[in-house]
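# Chain and residue survey
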Amino acid sequence: MPFSVFVSDDHCFSSEIFDSEMACLHDHSCEDHDCSADWSLYKHIDISKVTALNEAVPGSVKSVFKAWEQRLSSSEEHLESNEGDPELLVFIPFTSDVKIKSISIVGGADGTSPSKMRAFINRDGIDFSDAESMQAIQEWDLAENLQGVLEYQTRYSKFQSVANITLHFPENFGGDTTQIQYIGLKGEATQLKRDVVATIVYELMPNPSDHKARAEGGGGLSHVE
Amino acid sequence: MVLEATMICIDNSEWMRNGDYSPSRFKAQADAVNLICGAKTQSNPENTVGVLTMAGKGLRVLVTPTSDLSKILACMHGLEIGGDMNLAAGIQVAQLALKHRQNKKQQQRIIVFSGSPIKHEKKLLEMIGKKLKKNSVALDIVNFGEEDDGKTEKLEALLTAVNNNDTSHIVHVPAGPSAISDVLISTPIFTGDGEGGSGFAAAAAAAAAGGLSGFEFGVDPNLDPELALALRVSMEEERARQEAAAKKAADEAAKQEKVEGQPSGSQDAAMTENVNTATSEADNKANDLMDDENALLQQALAMSMDDPASSHEVRDTDMSDSVADDPELALALQLSVQDSTKDVSGQSDMSKLLADQSFVSSILSSLPGVDPNDQSVKDLLASMQSQSESQQKEEEKEPKEEEKK
């Protein structure tokens, strides 16, 4: 099926450069407030619970989630994989269910940008062997996107209620390590929260005064006075 | 309180029959495992621990990660020794067991006990280490038993491959009197990374340290605080008493040396001896007198601690009861005590007097049958100084003999 190169302000069409997946190019001068408002899904990420596997510096994955304007600022740390191993696995939980429209990745220079991306939805505890054997919900071939102008669209119907997303980057463009400077998510957040037992309090002995759940009067039983 | 799932890999190969760790390598290892399990489950109620054996009939997972300590301890029971350890397979199976843990929020950790020689290549171990690091699994290695050349090197290489930000550790336990568990208690394997460690770990460490190095008096204050306190107090009392006695002697020595030379020094030595004997006598007295003399005893002790010079009075006090029915004896004693007291205080004066030739000669002339110009008398004078010292001793001996009666 022939694809035509057709880029406009309003919406993007698939281009022949990027074969099967849909990618989009911003040709309009990106007014900051416009674009940054779109890429605001990072506010709904539960940053403290973001983890990555095979990262060289533990905890550095948290630095790649920032505002659109700061996507190119390389002064802060970025996510880098271990020496000689380009695979990366990033687990992103959200504070509420979100709908993801598209994803943008800014990689590193000299072949350290990831070349493939695979996504898994609502599965936690995925490690590399799981990622390799499981069928991803969607896969993309990435291009080197140092300016951060490329975005990769999702099959929106499958990304409707996302509590967490896992991104697997199996390969890069030949570099020794894989570097990621920025991961941007575009979409909208619903206000639905999944039930999670956040804090557990352990009791040695039951203390009824701590458990004033029922109303004082009646104690839950119905009385016929 | 890190939330962790731990797999412990036990070496139950034939090499564990050796007795260079008491009672046997295997038993020492089992103790260490029990201790670690207890510490892990105590530090966080949601921690899970699992156990697998690397040798025996084959690699076997005895218990999958569980928080039930009794299950773990039960499965440690009745383990058989035999076969050869397979370290690589053991670590990989442990990793698999951790992968399928129920609570994915737990950090993964493997603890390996390596007692037999390692037949794998260093490269293979490094690859395994890298895989563990990639999946963020921490690894603790307990190196004991066989000291194969290359074994330590291989294990160190494995550790460097796995180690990510100091979450993995290696401990070498040499053969000797200290058990594996005792050595482990002070390591990060037991106390947890960087935190203070659980209460269990801290208490165990304190107890072990007490047993090993020996608390003062060999009694753990945690176990028996009253006994430890009593021992400490009595030790301090004795020390204070001795210090006071020594100080007094030193003071006396200083005082005497200003006035007189060597002789006074010797006199003071006698004095010190006297004081010491008096002190110890007072002690003996104290011991002899039973509970009904308690008040007296307290007084005696207090006095002996404060002022050894006044030990004479102490003696006097102690003896007063025993010789109450013998007035003559009492009188004699009192006189001698007074004399000696006088001697003490008037020591310097007496020495001065003795030194004064004219005074001495006047005294001598007043004595019947003594010619002051006689040579023997002069010799006597010269030895007068030493005489007074022996006089002193005699006086002290007298009351002592009387006491014994």
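Being a predicted model, the structure only gives us computed values, none of them experimental.

Rules of the game
Residues numbered from 1 in each chain as written. Chains lettered and ligands numbered in written order. Predicted model: local features only at pLDDT ≥ 70, side-chain atom pairs only at ≥ 80, totals over all residues. Heavy atoms only, no water. Helix = DSSP H or I, 4+ residues; strand = E, 2+ residues; numbered from the N terminus. Buried < 20%, exposed > 50% of the residue type's maximum accessible area, 1.4 Å probe, protein only. Contact = heavy atoms within 4.5 Å. Areas by Shrake-Rupley, 256 points an atom, 1.4 Å probe, with all protein chains shown as cover. Pairing = 2+ DSSP bridges. Axes fitted to C-alpha atoms, helices over the stretch in contact; angles between N-to-C directions. Core = buried A, V, L, I, M, F, W, Y, C linked by side-chain atoms within 4.5 Å. Buried area = accessible area lost by both parts, 1.4 Å probe. Salt bridge = Lys/Arg side-chain N within 4 Å of Asp/Glu carboxyl O. Polar contact = N/O pair within 3.5 Å; in protein donor to acceptor, adjacent residues only side chain to side chain.

### Observations concerning the overall build of chain B
A tally of helices and strands in chain B yields 17 helices and 6 strands. Residues classed as buried in chain B amount to 42% of the 405 residues present. At a minimum sequence separation of 6, the contacts of chain B that also span at least 24 residues come to 72%. On chain B, roughly 20,900 Å² of surface is accessible, and the fraction owed to carbon and sulfur atoms is 54%.

### Regarding the overall build of chain A
The helix and strand inventory of chain A stands at 2 helices and 9 strands. When the helices and strands of chain A are placed in sequence order, the string is β-α-β-β-β-β-α-β-β-β-β. Burial statistics for chain A: of 225 residues in total, 44% are counted as buried. Relative to all contacts within chain A whose residues are 6 or more apart in sequence, the contacts with residues 24 or more apart total 78%. Total accessible area on chain A stands at roughly 12,500 Å², and carbon and sulfur atoms take up 51% of it.

### As for the sheet that holds strand β1 (residues 4–10) of chain B
All names here are of chain B. Sheet architecture is open: 6 strands sit in the order β3-β2-β1-β4-β5-β6, paired in mixed fashion. Lying at the two open borders of the sheet, with one neighbouring strand each, are β3 (60–66) and β6 (169–172). Direction aside, the axes of adjacent strands within the sheet are offset by 10 degrees on average. With 7 bridges connecting them, strand β4 (residues 107–114) and strand β5 (residues 137–143) associate as parallel partners. By the bridge assignment for β5, Val 112 is matched with Ile 141. Where helix α2 (residues 69–76) meets the sheet, its contacts fall on β1, β2 (48–53) and β3, and the angle it forms with β3 comes to roughly 165 degrees.

### Things to note about the nonpolar core
Residues and elements named next belong to chain A. Of all hydrophobic cores here, the largest spans 31 residues; its most connected members are Ile 100, Ile 103, Ile 165 and Leu 167. If you list the elements that add at least two residues to this core, you get β4 (88–107), β5 (116–121), β7 (150–153), β8 (162–169) and β9 (179–189). Among the elements that make up this core, the one with the highest residue count is β4 (8 residues). Other than its neighbours up to four places away in sequence, Ile 100 contacts Leu 41, Phe 94, Thr 154, Tyr 156, Phe 159, Val 162, Ile 165, Leu 185, Lys 186 and Gly 187.

### Let's talk about the pairing of β9 of chain A
Residues and elements named next belong to chain A. Most of β9 sits inside the fold, with 8 of its 11 residues counted as buried. Relative to β9, strand β3 (residues 79–80) runs antiparallel, the two sharing 2 bridges. Counted as the bridge partner of Glu 80 is Gln 179 from β9. Of the pairings in the sheet, the one linking β4 to β9 comprises 9 bridges and is antiparallel in character. In the sheet register, Ile 100 faces β9, and the bridge partner there is Gly 187.

### Examining the interface of chain B and chain A
Between chain B and chain A, the residue contacts involve 10 residues of the former and 15 residues of the latter. Here chain B meets chain A over a buried area of about 1,100 Å², counting both sides, of which 49% is carbon and sulfur. On the chain B side of the interface with chain A, the three residues burying the most area are Lys 99, Lys 134 and Asn 135 of chain B, jointly 50% of the side's total. Connecting chain B to chain A are 4 salt bridges. Measuring nitrogen to oxygen at the nearest pair gives 2.9 Å for the salt bridge that ties Glu 87 of chain A to Lys 134 of chain B. Linking chain B with chain A are 5 residue pairs in polar contact (both at pLDDT 80 or more), by the criterion used here.

### Some points on the pattern of salt bridges
Scanning all chains against the criterion turns up 18 salt bridges over all chains. Bridged by salt links that share partners, the residues Glu 4, Lys 40, Arg 109 and Asp 140 of chain B form one connected network.

### Digging into the environment of Pro 58 of chain A
Positionally, Pro 58 of chain A belongs in the loop between β2 (51–53) and β3. Classification of Pro 58 of chain A by relative accessible area gives partly exposed; the value is 39%. Considered as a pair, Pro 58 of chain A and Glu 80 of chain A are 22 residues apart in the sequence and their alpha carbons are 9.8 Å apart. Setting aside anything within four residues of it in sequence, one finds Pro 58 of chain A in contact with Asn 164 and Asn 165 of chain B.

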